[in-house]
Amino acid sequence: MADSRGGPLVLGIETSCDETGVGIVQGHTLLADAVASSVDEHARFGGVVPEVASRAHLEAMVPTIRRALKEAGVAASDLDGIAVTAGPGLAGALLVGVSAAKAYAYALGKPLYGVNHLASHICVDQLEHGALPEPTMALLVSGGHSSLLLAPDITSDVRPLGSTIDDAAGEAFDKIARVLQLGFPGGPVIDRYAREGNPDAIRFPRGLTGPRDPVYDFSFSGLKTAVARWIEAKRAAGEDIPVADVSASFQEAVVDVLTRKAVRACKDNGVDHLMIGGGVAANSRLRAMAERRCEDAGITLRVPRPKLCTDNGAMVAALGAEMVARNRPASDWDLSADSSLPVTETHVPGEGGQGGSGHHHGHDHVHEVSKENLYS
Amino acid sequence: MLLLALDTATPAVTVALHDGSRVLAESREVDARRHGELLLPAVDRVLAEAGRKLDAVTGIVVGVGPGPYTGLRVGLVTAATFGAVLDVPVHGLCSLDGIAYAAGLDEPFVVATDARRKEVYWARYANARTRLTEPAVDRAADIADEVAGTPAVGAGALLYDSVFTGVRRAGPEHQSAAALASLAAEKLAAGEEFLPDRPLYLRRPDAQVPANYKVVTPK
Ligand SMILES: [Zn+2]
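What you see is a predicted model; the values in this text were computed from it and never measured.

About the criteria used
- Residues numbered from 1 in each chain as written.
- Chains lettered and ligands numbered in written order.
- Predicted model: local features only at pLDDT ≥ 70, side-chain atom pairs only at ≥ 80, totals over all residues.
- Heavy atoms only, no water.
- Donors = N, O, S within 2.8 Å, 3.2 Å for Na, K, Ca; no water.
- Tetrahedral: all angles 85-135°; square planar, octahedral: opposite > 155°, others 65-115°.
- Helix = DSSP H or I, 4+ residues; strand = E, 2+ residues; numbered from the N terminus.
- Buried < 20%, exposed > 50% of the residue type's maximum accessible area, 1.4 Å probe, protein only.
- UniProt positions renumbered as here; feature names shortened; annotations may be inferred.
- Contact = heavy atoms within 4.5 Å.
- Polar contact = N/O pair within 3.5 Å; in protein donor to acceptor, adjacent residues only side chain to side chain.
- Phe/Tyr/Trp six-rings, centres within 6.5 Å; stacked < 30°, edge-to-face > 60°.
- Expected span 1.5 Å × (residues − 1).

A.B. asks: Explain the coordination of the zinc ion to me, using residue names and the numbers behind them.
C.D. replies: All names here are of chain A. Donor atoms from the polypeptide that bind the zinc ion are His117 (NE2), His121 (NE2), His145 (NE2) and Asp311 (OD), placed at 2.1 to 2.5 Å. Classification of the site at the zinc ion as irregular follows from its 4 donor atoms and the range of 86 to 158 degrees in their angles at the metal. Ordering the donors of the zinc ion by residue number gives the pattern H-x3-H-x23-H-x165-D. Separated by 190 residues along the polypeptide, His121 in helix α4 (residues 117–123) and Asp311 in the loop between α11 (306–309) and α12 (313–325) bring together distant segments of the chain. One exposure class covers both His121 and Asp311, and it is buried.

A.B. asks: Before we move on, could you go through the UniProt feature "binding site: Fe cation" (unreviewed entry) in chain A and cite the residues and values that matter?
C.D. replies: Residues and elements named next belong to chain A. Per the UniProt entry, the sites bearing "binding site: Fe cation" (unreviewed entry) are His117, His121 and Asp311 in this numbering. Spanning 195 residues, the named residues nonetheless gather at one spot, since no C-alpha pair among them exceeds 8.8 Å. Along the chain, the position of His117 falls in helix α4. A relative accessible area of 0% means that His117 is categorised as buried. Apart from residues no more than four positions distant in its own chain, His117 is found in contact with Glu14, Ser16, Thr85, Gly87, Pro88, His145, Asp311 and Met315. Separated by 2.9 Å, the side chains of His117 and Glu14 make a polar contact. Residues within four places of His121 in sequence aside, it is in contact with Leu140, His145, Met275, Gly278, Cys309, Thr310, Asp311 and Met315.

A.B. asks: Tell me about the packing of aromatic side chains, and please be specific about residues and values.
C.D. replies: Any aromatic ring pair is given by two values, namely how distant the centres are and how the planes are angled relative to each other. The final tally for this structure, using the stated rule, is 7 aromatic pairs over all chains. Centroid distance Tyr106 of chain A to Phe82 of chain B: 6.4 Å. Interplanar angle 50 degrees. Geometry classified as tilted. Of this pair, Tyr106 of chain A sits in helix α3 (residues 91–108) while Phe82 of chain B sits in helix α2 (residues 69–86), on two different chains. Of the two residues examined, Tyr106 of chain A and Phe82 of chain B, each falls in the buried class. Ring centres 6.1 Å apart and planes at 10 degrees place the aromatic pair Phe218 of chain A and Phe220 of chain A in the stacked group.

A.B. asks: Please give an account of α3 of chain A that cites residues and values.
C.D. replies: Residues and elements named next belong to chain A. Spanning 18 residues, α3 covers 26 Å between terminal C-alpha atoms, matching the ideal 26 Å at 1.5 Å per step. By the criterion of burial, α3 is predominantly enclosed, with 17 of the 18 residues buried. Looking one or two residues past α3, Gly109 carries a phi angle of roughly 70 degrees, positive in sign.

A.B. asks: Please give an account of α12 of chain A that cites residues and values.
C.D. replies: Residues and elements named next belong to chain A. End to end, α12 covers 18 Å across 13 residues, agreeing with the expected 18 Å (1.5 Å per residue, within 8%). Burial runs high along α12: 12 of the 13 residues are buried. Among the residues of α12, Gly313, Ala314, Met315, Val316, Ala317, Ala318, Leu319, Gly320, Ala321, Glu322, Met323 and Val324 are the ones counted as buried. Backbone geometry just after α12 places Asn327 at a positive phi near 55 degrees.

Put into structure tokens, the structure is as follows:
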């Protein structure tokens, strides 16, 4: 299975939200990262519309697989396995990827690995910085998730320390961008305005940072309301909105809480490094503040390049390759797409090898990602 | 010729293998919520029963709907992926045509499946092989005058039997990939055209452009 580059050759498929991603890796080496995004189709709705995303996945699936194989310059018959995001995510969107991955693996006679989207976000860093230290501390922040995770073994043991109790961090960016009438998605545009603004101009609240609040959980709903009220008050008074200062001050509040809690989690758990993933990891202020605070605390910071932080197939392939390398059991052909797959289920192993009987989950909580829509 | 036919446009998850002259094996399971779980094991079972391997297949036949979207896509993406890996053509057929073929009627009739929300997907046929109208989605109550008394088959006709008063209770109720495969084999032999392997949704996604954001300041 290993050639000169070393490690299992795995193709990964990701369709949990609005990106159709197909990546190919060999061990810790990235060979291809093909992504087709339907983000433009969602822009006028102000958020991801599940049915629009699912339709786009079906259109893009086979062409994106072809593109990835070409980019990697490998033959499908040389693959050691096919990995796919089994959840969490939008149910209908996940189902397109899971169905394609099954057909692909079956037709090629390769093992199938249904893996967890959040664990994949962590594992992708192996493509950038080599083997993950064990345990790894991870802060995942995007339009769908805001989680602090401790991963002693990325293939089998990921522990949730905290997560958002209301909005995801990226969602807060989208909503504030809407209040400021800056369009969707909100993250990049707010980051851009914030560079021209003063982060201390307005002191917006830091959610869940009181002495009795949960140490590792996040809340961005109160912040969102505070920013909206501040803007509305200005508008009501007939004053101009200082967009740059509002952007910078809002962003500062989000980033301050994220980095403070992540560094605290590292210290409390004796972990000397932190990885940050998810689309919000592309935020320049988050990167800068995390760098400074980690350095002050003697913590090594690992942040993959932005394209690997957003949803993509390479991250799924990276975790799949780790599953193969560690001899984790493959999934069955009746693998389900599970919109609320808990992060503790790093993958969905089959019960008796492939072709075996049903595999059912007993959990019933709803994951933040599986909300029907990102706007309220 | 070895055709693998599959359809997930109705509550049935159905797969069949056809060698150009007869159906070698078929699987039919009715479970509207588990298309994703049931399809691949059914393919595996049908191939095993016929003693064939997937790489012997010379063409994929897929029902392209109309049907409720989520399930419909399972069959379409599976068919497209098989077609790409095996490098064989993927022949699309209107799913209602498979049900019409299975009905075997030699007189004008309609096929109607359940589109949920009190609607049906339906089309008119001159006989089991000849569709007269494009498939449509309508509220059952709205087409009562058009279909009253006409022989009708399919789960939609059974569900709204006060509208489809000519309903044939003997069926067929759901799709059968064996019928779909047989129809495809006939069409291939006759050199007839197929549909592209793209979904017939017949409805736009439910999505609304949000009005301007809601003001949060208390009044
Ligand atoms: Zn993600």
